[in-house]
Structures are given as structure tokens and as C-alpha cells.
Amino acid sequence: MLKTPYFILDLQKLEKNLSGLRSAFTSLWPNFAIGYSFKTNNLPWIASWMHAQGVMAEVVSSPEYELAKYVGYEDNCVILNGPCKGFETMDKVLKAGGIVNLDSFQEINHIKANIQNYGSRIKVGLRINFDLETACPGETIPGKEPGRFGFNIENRDFDRAIDELKSIAGVEIVGIHAHHSTKTKSLGIFKAITKKTCECASKCSCLEYIDLGGCLFGDKPGAPTFEEYAQTIVSVLCDFSIPSEIKLLLEPGAALIASPVSYVCKVIGTKDIKGTRLVFTDGSIKHIAPQMNAIRFGYNLKTSSKNTLPRQVISGYSCIEMDRFLDLNNQPELQIDDEITIKNVGAYTISLAPLFIEYYPSVIVKNGDKYSIAREAWTTKEFTQKQKLYV
Ligand SMILES: Cc1ncc(COP(=O)(O)O)c(C=O)c1O
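Residues numbered from 1 in each chain as written. Predicted model: local features only at pLDDT ≥ 70, side-chain atom pairs only at ≥ 80, totals over all residues. Heavy atoms only, no water.

- You'll find the chain entered in an unreviewed UniProt entry as Diaminopimelate decarboxylase, with Prevotella communis given as the organism.

Right, here's the structure in full:
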């Protein structure tokens, strides 16, 4: 019996997600590559597994870059994005010929000031920022507010960035990056993003790649399939006569890692108050929805209970009143030691979980009927590393 709470990663599901995405795209656009989004789940085991599968590392900070290096990535297999890359990290990836998608004029100024230090020509990509909300009303996260990332097209920052970069001898503009996190992850979003990317691509001095970012659904029932995303994107690339030598990049996180991960916790007690059964567990909403957003989780109950209760509220170990993560109606009456499994919790959970009241739980990898440990549960020993005490 494994000690709860723990995350469990179904390796066969992860393999299926990766191979499904790869084959859907390579069958329509052979020059296709994936950069795994480290931020979505930065568990070192997962990062090293992605490396072993020949997946690039999509990173947005110096610590994420260092993690990529730690698990074995060469600089030329890194995609470096984000508004705060760290100039030293950016210079390393630029020098090694990795992918750097610039986000601001400060980064262009840095390149201008340091061009003599790069040794040879460098290649850069530009992240674009445009009014996706008008193209897809109600679907974007900032809505009518401006998006934060990349060079805006409507205010001509994108054109100015191109002019600036073209004025620096030794710089080639080789890529357009267009990641957008959206509410809907719809085919319409990907159509609009690909269209805008293709319109911008002609401004690159020497186009080598188009990077459409992440935020796709994975194997969620009823959502667009990998095949549908591929057909939508590739048909726009063809409409714009993008040559087949141009590399198509995606940076999925959730589409690969959300569904293979579940979270298991155990019932430790119950109370009946105001006609409601409150069920206490050794798990917490902090592990599965660290931002405490209301999510309707899929779940399994492992119980031998024959009795059914009209309502049970499943709650966590923390002292936060709203540490409640399931509201069960007409389900078996849970008993002490019964197990609750919460499904599809691989994205933005492990990487966002706080060290609040308890430490990080263990992560188990399930490969068929074999189990191994990807992370042992943290103890006070790990929590106090690098800490100084008052003396
Ligand atoms: C630049 C970039 N690429 C990729 C991703 C991955 O997104 P998702 O996990 O939704 O696929 C993100 C997420 O915010 C991102 O910011």
C-alpha cells in the first residue's frame, strides 16, 4: 500500500499522448517538432523522460533552463521564451543556435549592445502580440485588456522590432512565435493564430520556423482531437504557401501531461454539521488546484461501503476553510482509510503547489503493472535545506 497522498503518473497514457500528437502533425507536416512546456509540470522525472523521447525543452526562465541542462538537454534543443529569460541564459542559447523568441525591445537592445560578443551570426524569433479577442470574441484570457507578451502588431511595435533587428549586422530573424493561452483552446483560435503568424512570416529575413505555442486540448472527450488541430493549422499554412522546409513547432504542456496524472488521498475522519457530511482527507486542494479555482474534478472512490449518503463534502488537511475539492451527491458513504482518486491533474499542479502546512507529496510512475518512484515525499530535511536558523 502506497503512503497517501501521492500523485500517480500513468506512463502508457503519457506515451500515447505524445505519439498521438506527433503522428497527427507529422503525417500532414513532416517537418514538425515539439517543445515540452516545462512550466506546465516541471517534475525532473518528466523533463528527463521528454528529453529521452527527443522532445525539445520549452523554458521561460533561467531556473527552467538550468533544469533542462540538468536533465541532459543541449542548448540547441532548447526553446527560450518569456518576458524574463535572464540575459546570461539568453546569450548562451543564442550562441549555441537554440531557439530564442524575443519578447521586448529591452531584449533587442541587449542584443544590439552585445552583438560583438556572440562570435558568429545569431538567429532570433519574435513573439507576436495581436488582438486575438476581436478575431475570437470571448475566447481569450485577457479579453478586451491587452495581452502582455510579445511585439504588438496593431501599434506597429512588431514592424519596429523587425526594423531594429534588421539594422543589427549579424542577426537573422528566423521565426515567429505566437503562443496564446486561451479559455477555449478552440480550432478557431488556432486558425486565427496561424493566419496571423503566416502574415508576419514574410517579414522575417530568413524564415526557418513557425512556433504556435501550446494550449491545446489533449485526450479530453468532446474536445478537438490532435488530428483536427493538425488539419486546421496545416490547411492555413498551405493557404499561405508556407514552404514545407519551414519547421512547425508546438509547445504543449497540458495536452501531454494533464490526463496521465492522478492524485490519491485517504479519508482520515468525518463530521456531520448542519445535515452535511464533511469528509476529511490527508490530501488538499493545494495539490490539485493550487490557485483554488473551482474545478469539477473527475474522481474514483475506493470503498466497500454499501450505504449511500445524499451529500458528502470532501475536504483537505489544510486550515483553509475552503480546502474542499469534491461535493458528492448520492455516493457511497466514505469510511476512514477509503481512497479517493482525483483524475487529470498533471498540468499546473505539481509545478504550482505550495509548501503550505505539508510538504510536496510523492510522485509514483505506473508503467503497466510496474511502479517506481519519480519523487519521494519531501520532509523537513528537504524543506530546511539552505535555510539558516537564528543563533
Ligand atoms: C510560451 C508558452 N508556451 C507553452 C505553454 C503551454 O501551455 P499549455 O500547458 O496550456 O499547453 C505556455 C503556458 O502558459 C506558454 O506560456
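Topic: the overall build of the chain
- The helix and strand tally for the chain stands at 12 helices and 18 strands.
- Dimensions of the chain, computed from the C-alpha atoms along their principal axes, are close to 75 × 55 × 40 Å.
- Among the 391 residues that make up the chain, the fraction classed as buried is 52%.
- In the chain, of all internal contacts separated by at least 6 residues, the share reaching a separation of at least 24 is 68%.
- Accessible area of the chain: about 18,900 Å², with a carbon and sulfur share of 52%. (Helix = DSSP H or I, 4+ residues; strand = E, 2+ residues; numbered from the N terminus. Buried < 20%, exposed > 50% of the residue type's maximum accessible area, 1.4 Å probe, protein only. Contact = heavy atoms within 4.5 Å. Areas by Shrake-Rupley, 256 points an atom, 1.4 Å probe, with all protein chains shown as cover.)

Overview of the packing of aromatic side chains
- In total, this model carries eight aromatic pairs according to the counting rule given.
- Ring geometry for Phe-190 and Tyr-229: centres 5.2 Å apart, planes at 70°, overall edge-to-face. With Phe-190 in helix H8 (residues 187–201) and Tyr-229 in helix H9 (residues 226–239), this pair connects stretches of sequence that are 39 residues apart. With respect to class, Phe-190 is no different from Tyr-229; both count as buried. (Phe/Tyr/Trp six-rings, centres within 6.5 Å; stacked < 30°, edge-to-face > 60°.)

Some words on the side chain of Asn-101
- Topologically, Asn-101 is positioned in strand S5 (residues 99–102).
- At 2.5 Å, the side chain of Asn-101 and the side chain of Tyr-209 are in polar contact.
- Within polar-contact distance, the side chain of Asn-101 engages the side chain of Asp-211 at 3.4 Å.
- Once you skip the residues sitting within four places of it in the chain, Asn-101 turns out to touch Ile-79, Leu-80, Asn-81, Lys-85, Glu-107, Gly-125, Leu-126, His-177, Tyr-209, Asp-211 and Glu-251. (Polar contact = N/O pair within 3.5 Å; in protein donor to acceptor, adjacent residues only side chain to side chain.)

What to know about the domain arrangement of the chain
- Split by domain assignment, the chain resolves into domain 1 (11–257) and domain 2 (261–383).
- Of the residues lining the interface, 10 residues belong to domain 1; the matching set on domain 2 comes to 13 residues.
- When the two sides are added together, the surface that domain 1 and domain 2 hide from each other amounts to roughly 1,100 Å², 57% of it contributed by carbon and sulfur.
- The largest contributions to the domain 1 side of the interface with domain 2 come from Leu-11, Leu-43 and Trp-45, which together make up 40% of the buried area.
- At the boundary of domain 1 and domain 2, one finds five residue pairs in polar contact (both at pLDDT 80 or more).
- For the side of domain 1 that touches domain 2, the secondary-structure elements that each account for two or more residues are helix H1 (11–26) and helix H10 (254–257). (Domains from an automatic or database assignment. Buried area = accessible area lost by both parts, 1.4 Å probe.)

So, the pattern of salt bridges
- Enumeration according to the criterion identifies 16 salt bridges in this entry.
- Across the pair Arg-160 and Asp-157 runs a salt bridge, and its minimum N-O distance is 3.1 Å. Of the two residues, Arg-160 and Asp-157 both sit in helix H7 (residues 157–166), three residues apart, roughly one turn of that helix.
- For the salt bridge of Glu-339 with Lys-302, the shortest nitrogen-to-oxygen distance reads 3.7 Å. Taken together, the residues span a long stretch of sequence, with Glu-339 in strand S16 (residues 339–342) and Lys-302 in strand S13 (residues 299–302) at a distance of 37 residues. (Salt bridge = Lys/Arg side-chain N within 4 Å of Asp/Glu carboxyl O.)

Section: the UniProt feature "active site" (unreviewed entry) in the chain
- UniProt feature "active site" (unreviewed entry): in the numbering of this structure it lies at Cys-319.
- Mapped onto the elements of the fold, Cys-319 is located in the loop between strand S14 (308–315) and strand S15 (324–332).
- Taking relative accessible area as the criterion, Cys-319 reaches 72% and is therefore assigned exposed. (UniProt positions renumbered as here; feature names shortened; annotations may be inferred.)

A closer look at the pairing of strand S17 (residues 362–367)
- Sheet analysis places strand S1 (residues 6–10) next to S17, joined by five bridges and oriented parallel. By the bridge assignment, Phe-7 is partnered in S17 with Val-363.
- In terms of strand pairing, S17 meets strand S18 (residues 370–375) through five bridges, oriented antiparallel. Within S18, the position partnered with Ile-364 by the bridge is Ile-373. (Pairing = 2+ DSSP bridges.)

Focus: helix H5 (residues 105–114)
- Buried residues of H5: Glu-107, Ile-108, His-110, Ile-111 and Asn-114, and no others. On an axial view of H5, the arc spanned by its buried residues comes to 155°, and they lie on one face. Opposite the buried face of H5, by more than 90 degrees, sit the exposed residues Gln-106 and Ala-113.
- Tucked inside the fold, the buried residues of H5 contact helix H4 (87–96), S5, strand S6 (122–129), strand S7 (151–152), H7 and strand S8 (171–177). (Arc of directions from axis to C-beta.)

Remarks on the environment of Asn-31
- Mapped onto the secondary structure, Asn-31 falls in the loop between H1 and strand S2 (32–37).
- Separated by 216 residues in sequence, Asn-31 and Lys-247 place their C-alpha atoms 5.0 Å apart.
- Setting aside anything within four residues of it in sequence, one finds Asn-31 in contact with Ser-244, Glu-245, Ile-246, Lys-247 and Leu-248.

A look at the environment of His-287
- Position of His-287 among the secondary structure elements: in helix H11 (residues 285–288).
- In this structure, the C-alpha to C-alpha distance between His-287 and Thr-349, residues 62 residues apart in sequence, is 6.0 Å.
- Those residues within four positions of His-287 in sequence are excluded, and the remaining contacts are Pro-5, Phe-7, Tyr-263, Tyr-317, Thr-349, Ala-353, Tyr-359 and Pro-361.

So, the site of the ligand
- Surrounding the ligand, one finds 16 residues, the nearest of these being Thr-40, Cys-215, Glu-251, Gly-253 and Tyr-348.
- The side chain of His-179 places a nitrogen or oxygen atom 3.5 Å from a nitrogen atom of the ligand.
- In the environment of the ligand, a nitrogen atom lies 2.7 Å from a nitrogen or oxygen atom belonging to the side chain of Glu-251.
- Contact with the protein chains hides 89% of the accessible area of the ligand, taken as 400 Å² for the molecule alone.
- For the shell around the ligand, the class distribution of residues is four nonpolar, eight polar and four charged. (Near = heavy atom within 4 Å. Nonpolar A, V, L, I, M, F, W, Y, C, P; charged D, E, K, R; others polar.)

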